[in-house]
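Analysis of the macromolecular model
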Amino acid sequence: MLLSVENLHKSFGEMNVLKGIDLSIEKGSVVAIIGPSGSGKTTMLRCFNALEMPDKGTIQFEQDFKLSFDKAPSKKEILQLRRKSGMVFQSYNLFPHKTAIENVMEGPVVVQKKEKAAVKKLAESLLKKVGLEEKMHLYPHQLSGGQQQRVGIARALAIEPELMLFDEPTSALDPEIVGEVLHVIRDLANEGWTMAIVTHELKFAEEVADHVIFIDGGHIVEQGPPAELLKNPQEPRTRQFLNRILNPS
Amino acid sequence: MYLNNLLAAADPIVDWDLFQSSLWPMIQGGIQYTIPLTLISFAIGLLIALLTALARLSNSKILAGIARVYVSAIRGTPLLVQLSIIFFGLASIGLVIDPFPSAVIAFSLNVGAYASEIIRASILSVPKGQWEAGQAIGMTHRQALARIILPQATRVSIPPLSNSFISLVKDTSLASTILVTELFRKSQEIAARTYEFMQLYITAAILYWIVCFTLSVIQGRIEKRLDRYVAK
Ligand SMILES: Nc1ncnc2c1ncn2[C@@H]1O[C@H](COP(=O)(O)OP(=O)(O)OP(=O)(O)O)[C@@H](O)[C@H]1O
Ligand SMILES: [Mg+2]
């Protein structure tokens, strides 16, 4: 397993948002995370790279790195954990004072201290991969939402993470440009990237994911291959949720 | 006799001879004292301001507390009083500092307090998502601050900081009260000899105006440059 999470808890003040999450993600697999609004999907994803600090539990990457949150981890351990994952945000969060290619180069140059010329080549190839070789030198405000999100994906890929985290990468986009971002993510899946994707796009999840996790009320209620979980859910809450999405009234 | 002189000085026609002979000493006062005083104090003040802003935003209660007291004390007292304490006050208890360094100390502390509030607000104005995007690519707090947050905060703080700078140019005239022979004190000295108060003080005003006007043009240019990555 690339990622193993055990008994993860997180609360905000009085509100328990994650109430003991156990899950594992196999190397090279794509995991889709679905669930109602407020169920804790974003919080869980942010815990995986310590943007949100879990209160309790452990996060382990393969055999070589295990971090327990039962006592506060050190800054160094948090950085180590963070550098295992790349994150793509719902609202892109590109650096507005940097061009597309500078956004992509920032991690390798500043964090990984790689040589600039080599990073430039890497960034160019990543921007080409997401179909933006023509837009490399534009600033984020000169790009459409879909283009910005693709830069966001290239920026996350640039640090060569072991795991890619996506939090509703298309939900801020107009319907007609959702496809261009999903297309990029599909390519990454075919290249063998390990990914955890929070999404409301059930069709996309069905097509791309190897594994679907349904979260409700801070628990994993049900998980399994998309064909089973989406087509033949066992738990009443899963059924109810899927019904509501498929037949909005 | 004093009254006579005053009446003679009230002659409405500009005394061009006096204008010519007084202009250069005033400009000299500006070049020798007003401008260096402004530049040095502002540079030191900005450094103090940045450190103060970071202290106030830090997790350390002690640092934040010290910074808060400093800002409150400077903002709650008149600049003229601060200047007088540093020059006359300290001298009276045996710590004699020359006029120019005294002025630099007072103005730097003053700029430091006011500008720290501007810098703090501009750091807070950068969306939380920017910190997170930096952290998500593995940046330390310091790297995110230096590479992501401060450049954006700088853009936000340029207009109010430019205003502080322009105010400082004018405020340096207060250094005349502690014997710094800057632009305004030069005009006072000449006026004391010639009684041409109106003409000399108007000349001083125009000189300040020219400097401040030039600065505001430069301010506009800088803002335009920094705006290049922001949607119009
Ligand atoms: N920083 C925070 N402080 C306080 N409460 C928070 C914070 N972040 C999230 N919450 C709360 O935790 C709960 C779970 O939020 P989360 O964003 O993880 O849900 P979600 O499943 O991603 O929902 P959505 O589908 O709407 O994005 C919500 O009730 C939310 O209000
Ligand atoms: Mg969410």
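Relevant structure appears above.
About the thresholds
Residues numbered from 1 in each chain as written. Chains lettered and ligands numbered in written order. Predicted model: local features only at pLDDT ≥ 70, side-chain atom pairs only at ≥ 80, totals over all residues. Heavy atoms only, no water. Pairing = 2+ DSSP bridges. Helix = DSSP H or I, 4+ residues; strand = E, 2+ residues; numbered from the N terminus. Axes fitted to C-alpha atoms, helices over the stretch in contact; angles between N-to-C directions. Salt bridge = Lys/Arg side-chain N within 4 Å of Asp/Glu carboxyl O. Buried < 20%, exposed > 50% of the residue type's maximum accessible area, 1.4 Å probe, protein only. Parallel < 35°, antiparallel > 145°, perpendicular 65-115°, else oblique. Left-handed = near helix turned anticlockwise from the far one by under 90°. Contact = heavy atoms within 4.5 Å. Nonpolar A, V, L, I, M, F, W, Y, C, P; charged D, E, K, R; others polar.

**Some remarks on the sheet that holds strand β5 (residues 65-68) of chain A**
All names here are of chain A. The strand order across the open sheet built from four strands is β2-β1-β4-β5, with neighbouring strands paired in antiparallel fashion. The strands lining the two open edges of the sheet, one partner per strand, are β2 (15-25) and β5. Mean inter-strand twist for the sheet, computed between neighbouring axes without regard to direction, equals 15 degrees. One ladder, built from five bridges, connects strand β1 (residues 3-12) with strand β4 (residues 56-61); its direction is antiparallel.

**Examining the pattern of salt bridges**
Going through the model one piece at a time under the given rule, you end up with 18 salt bridges over all chains. With a shortest N-O distance of 2.5 Å, A:Arg186 and A:Glu207 are connected by a salt bridge. With a gap of 21 residues between them, A:Arg186 in helix α6 (residues 175-191) and A:Glu207 in helix α7 (residues 202-208) connect regions that are remote in the sequence. A salt bridge links A:Glu206 to A:Lys231, with the nearest nitrogen and oxygen atoms 3.4 Å apart. Note that A:Glu206 is positioned in helix α7 and A:Lys231 in helix α8 (residues 226-231), a separation of 25 residues in sequence. Taking relative accessible area as the criterion, A:Glu206 reaches 34% and is therefore assigned partly exposed. Three or more residues are tied together by salt bridges with common partners; here these are A:Arg46, A:Glu52, B:Lys128 and B:Glu132.

**Topic: the packing of helix α3 (residues 100-111) of chain A against helix α4 (residues 116-129) of chain A**
Residue and element names in this part refer to chain A. At a closest axis distance of 9 Å, the pairing of α3 and α4 adopts a crossing angle of 130 degrees. Considering their axes alone, α3 and α4 lie oblique with respect to each other. Viewed along their axes, α3 and α4 form a crossing whose handedness is right-handed. On α4, the residues touching Ala 100, Ile 101, Val 104, Met 105, Pro 108 and Val 109 of α3 are Lys 116, Val 119, Lys 120, Leu 122, Ala 123, Glu 124, Leu 126 and Leu 127. Split by residue class, the contact of α3 with α4 holds 11 nonpolar, no polar and three charged.

**A short note on the packing of α4(A) against helix α5 (residues 145-158) of chain A**
All names here are of chain A. The contact between α4 and α5 brings their axes to 9 Å, and the two run at 140 degrees. In terms of axis orientation, α4 runs oblique to α5. The handedness of the crossing between α4 and α5 comes out as right-handed. In this structure, α4 uses Leu 122, Leu 126, Leu 127 and Lys 129 to contact α5, whose residues at the interface are Val 151, Ala 154, Leu 157 and Ala 158. Of the residues that constitute the contact of α4 with α5, the class distribution is seven nonpolar, no polar and one charged.

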